[in-house]
There are 2 protein chains.
Amino acid sequence: MSAATDPNVFPDAPERWEESPSTTEAFKALDRATATDVFLKLPSDDQYRLLEDMPPGERRLWVRVLAPDDAADLIQYAPEDERAALLAYLDPSTQREVRALATYAEDDAGGLMSPRFAALRAEMTVDEAIHYLRRKARDGVETIYTAYVLDGEQRLVGVVSFRELFSAQASAPVRDVMRPALTVTEDLDQEQVARIIAQHDLLAVPVVDAQGRMKGIVTVDDVVDVVNEEATEDIQKLGGMEALDDSYLNTGFFALLKKRAGWLAILFVGEMLTASAMSVFQDEIARAVVLALFVPLIISSGGNSGSQASSLIMRAIALGEVHFTDFWHIIRRELLSGLCLGMILGAVAIARIYVWQSLFHSYDHVALLALTISLALVGVVTTGTLCGAALPMLLKRIGLDPATASTPMVATLVDVTGLVIYFGVASVLLRGTLL
Amino acid sequence: MSAATDPNVFPDAPERWEESPSTTEAFKALDRATATDVFLKLPSDDQYRLLEDMPPGERRLWVRVLAPDDAADLIQYAPEDERAALLAYLDPSTQREVRALATYAEDDAGGLMSPRFAALRAEMTVDEAIHYLRRKARDGVETIYTAYVLDGEQRLVGVVSFRELFSAQASAPVRDVMRPALTVTEDLDQEQVARIIAQHDLLAVPVVDAQGRMKGIVTVDDVVDVVNEEATEDIQKLGGMEALDDSYLNTGFFALLKKRAGWLAILFVGEMLTASAMSVFQDEIARAVVLALFVPLIISSGGNSGSQASSLIMRAIALGEVHFTDFWHIIRRELLSGLCLGMILGAVAIARIYVWQSLFHSYDHVALLALTISLALVGVVTTGTLCGAALPMLLKRIGLDPATASTPMVATLVDVTGLVIYFGVASVLLRGTLL
């Protein structure tokens, strides 16, 4: 079997970009075994769309192949009035499991977990445990590679990996092989669950209730989806809109419009302050129209530097790299960065003004004008950088999502203050000459 | 053991935000076993910083606890002149493995893989395979939970999970239990590797060379890091800067400045076109200063709607949800979205102008002015939305990173065209009245 001809080998740089297969069509063409495999791996929204096209008899078959946690996700995705019908397709014991899971918020540990894990008793021998897991391997447990040791009240007392059991003495009690378990509570946010699994390189983490009773496990493959989901939400929020509930192409036109129009209108109202700020300086503009020409250049530089700072800091917070105790360290550092970046842009602006002057003799009082523009740039870029860095940290501090400090929001804040700084510098420096 | 008192239980909403422990200090306080555990889980940069502070004797001990793939990462992170010394701490056979790994690009499958996997022969019985894996469980293989079936030339002929072996008949040959393997090539980009593992819910994926010979495995826990890393890069690029090589706090001041100043200066030079565009309309501004007042409001609305569209589409491309064949579908959809969003903002603007007029009698020819502003908004927001949607797709098409279509870049493009649209609409509608 050579890599070049094996259809399972992904080529060097797969041009997935070219193909855009329709899920439903592709699905119908598959044989039963492959179709099951594919169906199990689809996200709940795609599973639901496939089921919609099926007759009820076939629908029952497909709902029944799902593990309880996936069935719960599917049912939570389905419209309210179809949930009972979907639930009824399941056997009574799975129905109970799914009902219990469906009470958890979708993005908590409880909403992410599977209730089917391999449980052991501390008194079992290693050999008994291995035999028990061997039987479990044929059942529907999520993983046999990590087993959980419970006491008589279902409380978690330890954890043991299959590998550890396998390399331990056959006659030793499980008690001697198990380790204390790292656990998460049912209502822990999925982002935190993902971070714990990733940090500790776990295959699965057990979920316990307030009494320490084990409720289920969250496995590492769910975590990859969570990490992707959270990054998508952050990127959409940073872009200045509400996060979508579904993929871009699966979101309806009006749902998408709603997610965008809200923030766009809020930012627009905020940005109206720029018109008010500029009207304060209306007389200055009338006397020196040249000042108006540089308005977009100056305020956009503030917005751009703010965008850099807010995406840097927001992401560092999301990854847990930056904490609120770093606040003043970061502010000092960003203050210095802002000053340096502002001076760099100020220098470019001076060069630009003098080149234009030598080519077109565009400006009166060229030295004063260049000084005004470059000083304003230093002020605006520093303000933008500080705003962009501080806002995500302050939002996080008061319990809001730092990604709400979106690029457009920082830009809006900085546009208004930028105008005040620019015209303020101009009124001082140009009084008696241009003004 | 109750969840409330167990130190291993993460509380409801852990205020990790409050603490900011220094890695080195925390590390020194740990006992040997825990320290090893922590050291193995640290990223290469933190491992390197810890090693720097140690005497050579201790350093050897710590380098030797690393698996070959982690040792290769550490050595690739270290400065050129220290690499040979670090390599020399390892035993000769591990040195060979690490040297082979270090030849791969860091973000290819080859750079991510571990060369230590569990290999079986197709002729073995299930029982022999289980016994063999039991011995391997004590060795340094990355995982025993997936085993790879190789022929005499080290070519991969199939894969079998431990769970499958465990529930199969003991006397059956491995050949009858194994499945065809999904593989990746050595030089496949890590983002693609991550997507394949996530899509197929794999614990590990085998890496093969062009001849189908097995070279190593990439495990799911590496994938979580890759997914996070790629999202971080995208967010930083979207913010209008080069992606950092390290975390925010671990990046030096000047390195950070360099990553930001480059794009900021390029965008600044691009934005200079706004000054040129506005100077074309200098006479109009001189005659009707009121036009200048709305410049920031109008161009920022284009930038904000462009920011929404570019982050939406960029992310959908990164997740493989959107393909180039969807180009015209997306353009039509975004054109319609842009028109709707523009009309919404136009309506808000008309309301604002009439409220101001009734309060302050601010404007002459108020109806014409309101019409100009709102028509310009429709044009600018539509342009912004289209630019933001098209640019990431076009960049991807020509082989560039779609995240280069950063919010500031889209805003810069839209600022210039926005001014032309605004003053164009104004010259037509206000000719003979305000102009």
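Residues numbered from 1 in each chain as written. Chains lettered and ligands numbered in written order. Predicted model: local features only at pLDDT ≥ 70, side-chain atom pairs only at ≥ 80, totals over all residues. Heavy atoms only, no water.

Moving on, we come to the sheet that holds strand 3 (residues 146-150) of chain B. Residues and elements named next belong to chain B. Spatially, the three strands line up as an open sheet ordered 2-3-4, and their pairing is mixed. Unpaired on one side and paired on the other, strand 2 (118-120) and strand 4 (156-161) mark the two borders of the sheet. Between one strand axis and the next, the sheet turns through 35° on average, direction left out of account. The sheet contact formed by strand 2 and strand 3 spans three bridges and is parallel. By the bridge assignment for strand 3, Ala118 is matched with Ala147. The strands touched by helix 9 (residues 126-136) within the sheet are strand 2 and strand 3, with strand 2 carrying the most contacts at an inclination of about 155°. (Pairing = 2+ DSSP bridges. Helix = DSSP H or I, 4+ residues; strand = E, 2+ residues; numbered from the N terminus. Axes fitted to C-alpha atoms, helices over the stretch in contact; angles between N-to-C directions. Contact = heavy atoms within 4.5 Å.)

Attention now moves to the relation of the copies chain A and chain B. Superposition record for chain A on chain B: RMSD 0.2 Å, screw rotation 180°, translation along axis 0.0 Å. Each copy turns onto its partner about a two-fold axis. Of the residues that chain A buries at the interface, 100% are likewise interface residues in chain B, meaning the two copies contact each other through the same surface. (Least-squares fit on C-alpha atoms with pLDDT ≥ 70 in both.)

Another point: the pattern of salt bridges. Throughout the structure, instances matching the rule amount to 27 salt bridges over all chains. Ionic pairing is found between Arg49 of chain A and Asp45 of chain A, a salt bridge with its closest N-O pair at 3.3 Å. Residue Arg49 of chain A and its partner Asp45 of chain A are both found in helix 3 (residues 44-52); the two are separated by four residues, about one turn of the helix. Judged by its relative accessible area of 26%, Arg49 of chain A falls in the partly exposed class. Accessibility expressed as a relative area gives 11% for Asp45 of chain A, which makes it buried. A salt bridge links Arg260 of chain B to Glu334 of chain A; the nearest nitrogen and oxygen atoms lie 2.7 Å apart. Of this pair, Arg260 of chain B sits in helix 14 (residues 253-280) while Glu334 of chain A sits in helix 18 (residues 327-360), placing the two residues on different chains. For Glu334 of chain A, a relative accessible area of 0% puts it in the buried group. (Salt bridge = Lys/Arg side-chain N within 4 Å of Asp/Glu carboxyl O. Buried < 20%, exposed > 50% of the residue type's maximum accessible area, 1.4 Å probe, protein only.)

For the rest of this paragraph, the subject is the packing of helix 18 (residues 327-360) of chain B against helix 19 (residues 366-397) of chain B. Residues and elements named next belong to chain B. Following both chains from N to C, one finds helix 18 and helix 19 inclined at 150°, their axes separated by 7 Å at the closest point. As far as their axial angle goes, helix 19 and helix 18 are roughly antiparallel. Between helix 18 and helix 19 the crossing geometry is right-handed. Its residues placed into classes, the contact of helix 18 with helix 19 shows 24 nonpolar, seven polar and one charged. (Parallel < 35°, antiparallel > 145°, perpendicular 65-115°, else oblique. Left-handed = near helix turned anticlockwise from the far one by under 90°. Nonpolar A, V, L, I, M, F, W, Y, C, P; charged D, E, K, R; others polar.)

Time to look at the pairing of strand 7 (residues 214-219) of chain B. Looking along a regular strand, one sees side chains alternate from face to face of the sheet. All names here are of chain B. Buried residues dominate strand 7, accounting for five of its six residues. Sheet analysis places strand 6 (residues 204-208) next to strand 7, joined by five bridges and oriented antiparallel. Residue pairing for strand 7: Ala204 is matched across the bridge by Thr219. In sequence, strand 6 turns back onto strand 7 through a hairpin of five residues, with Gly212 there showing a positive phi of about 80°.

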